[in-house]
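Chain residues, written in single-letter form:
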Amino acid sequence: MHIHRAERIWLTVGLGIMIVFLAVITTAAVVDGFNPPSRVQSIDPTKVSQTPPFDNPGLRKVADGSYEAYYVARIFSFTPQALTIPAGSRVTFYVTSADVEHGFSIPETGVNTMVTPGWVSTVSHTFRTPGTYLLVCNEYCGAAHQMMAGRIEVK
Ligand code: CUA
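Notes on the structure follow. (Residues numbered from 1 in each chain as written. Predicted model: local features only at pLDDT ≥ 70, side-chain atom pairs only at ≥ 80, totals over all residues. Heavy atoms only, no water.)

### Considerations on the packing of aromatic side chains
Phase 1: The tally for this structure, following the rule as stated, stands at nine aromatic pairs.
Phase 2: Judged by centre distance (6.5 Å) and plane angle (85°), the ring pair of Tyr 71 and Phe 78 falls under edge-to-face. As far as burial versus exposure is concerned, Tyr 71 and Phe 78 are alike and both buried.
Phase 3: When the ring of Phe 127 is compared with that of Tyr 133, the centres are 5.1 Å apart and the planes differ by 85°; the resulting orientation is edge-to-face.
Phase 4: Pairwise contacts between aromatic rings join Tyr 71, Phe 78, Phe 93, Phe 104, Phe 127 and Tyr 133 into one cluster. (Phe/Tyr/Trp six-rings, centres within 6.5 Å; stacked < 30°, edge-to-face > 60°. Buried < 20%, exposed > 50% of the residue type's maximum accessible area, 1.4 Å probe, protein only.)

Structure below.
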């Protein structure tokens, strides 16, 4: 079978790129330990308000400077709407949705996760600088999506 020279070059380049990509993924998985989130928690999205700890969302103090915050996202609000924590606190957020896909983003902190019904998203952050931090939904979830926000006061 005759393969044109230009076609052979393109095939070689394409194959080369695939080999490089596979090598990058393999290296990230094996050497850097990248993998999908483990200990993924699931939840019945129709029973969020009856399922502990989401039946009573809010802040829990774990130790000095260490908190857990349980959030329920639903169209078009977050519960709790506001949190107050001391500066320097490390907060682990546990967020689930009682209806549709939402986002959970605190700009300029690196906190940014999707909130998928049926699952609990987890993300941690240390709030070193005092101020008012905005919490926004950054996944389009309906007509009043842009109104879906909360705030975190760091004192
Ligand atoms: Cu919730 Cu957009």
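### Let's talk about the pairing of strand β9 (residues 119–127)
Phase 1: For strand β1 (residues 41–42) and β9, the ladder comprises two bridges, and the chain directions are antiparallel. When the bridges of β9 are listed, Gln 41 appears paired with Val 120. (Pairing = 2+ DSSP bridges. Helix = DSSP H or I, 4+ residues; strand = E, 2+ residues; numbered from the N terminus.)

### Looking at a nonpolar patch on the surface
Phase 1: A cluster of nonpolar residues, Ile 9, Trp 10, Val 13, Ile 17, Val 20, Phe 21 and Val 24, forms a patch on the protein surface that exposes about 720 Å² of accessible area.
Phase 2: In this structure, Val 13 sits in helix α1 (residues 5–30).
Phase 3: Here Val 13 falls in the partly exposed class, since its relative accessible area comes to 39%. (Patch = residues over 30% accessible without salt bridge, like charges linked within 9 Å, V, L, I, M, F, W, Y side chains within 5 Å. Areas by Shrake-Rupley, 256 points an atom, 1.4 Å probe, with all protein chains shown as cover. Salt bridge = Lys/Arg side-chain N within 4 Å of Asp/Glu carboxyl O.)

### Comments concerning the pattern of salt bridges
Two side chains that carry opposite charge are able to pair once their charged atoms sit near each other.
Phase 1: The final tally for this structure, using the stated rule, is three salt bridges.
Phase 2: Close ionic contact of Lys 61 with Asp 64 constitutes a salt bridge, the shortest N to O distance being 3.1 Å. Of the two residues examined, Lys 61 and Asp 64, each falls in the exposed class.
Phase 3: Between Glu 153 and Arg 151 there is a salt bridge whose closest N-O contact spans 2.8 Å.

### A closer look at the pairing of strand β11 (residues 149–154)
Within a regular beta strand, the side chains point alternately toward one face of the sheet and then the other, so they alternate between its two faces.
Phase 1: The pairing of strand β5 (residues 82–85) with β11 spans four bridges and is parallel. If you follow Leu 83 over to β11, its bridge partner there is Ile 152.
Phase 2: Where strand β10 (residues 131–136) lies against β11, six bridges are found, and the strand directions are antiparallel. Across the sheet, residue Leu 134 finds its bridge partner in β11, namely Arg 151.

### Some thoughts on unusual backbone geometry
Phase 1: Residue Pro 53 is bonded to the preceding Pro 52 through a cis peptide linkage, with omega at 0°.
Phase 2: For the peptide bond that leads from Ile 75 to Phe 76, omega is -5°, which places it in the cis range.
Phase 3: Along the chain, the position of Phe 76 falls in the loop between β3 (66–74) and β4 (77–79).
Phase 4: Look at Glu 108: it is not a glycine, yet its phi comes out positive at around 70°.
Phase 5: Counting through the fold element by element, Glu 108 comes out in the loop between β7 (102–106) and β8 (111–115).

### Some thoughts on the nonpolar core
Phase 1: Counting 23 residues, the largest nonpolar core has Tyr 71, Phe 78, Phe 93, Phe 104, Ile 106, Phe 127 and Ile 152 as its most contacted members.
Phase 2: For this core, the secondary structure elements donating two or more residues are β3, β5, β6 (89–97), β7, β8, β9, β10 and β11.
Phase 3: For this core, the element with the most residues is β3, which contributes four residues.
Phase 4: Each residue touching Phe 127, except ones within four places of it in the same chain, is listed here: Ile 85, Ala 87, Gly 88, Ser 89, Val 91, Phe 93, Ile 106, Thr 109, Tyr 133, Ile 152 and Val 154.
Phase 5: Ile 43, Phe 54, Tyr 70 and Val 72 belong to the second-largest nonpolar core, a separate cluster that totals seven residues. (Core = buried A, V, L, I, M, F, W, Y, C linked by side-chain atoms within 4.5 Å. Contact = heavy atoms within 4.5 Å.)

Geometric values such as these leave the question of function open.
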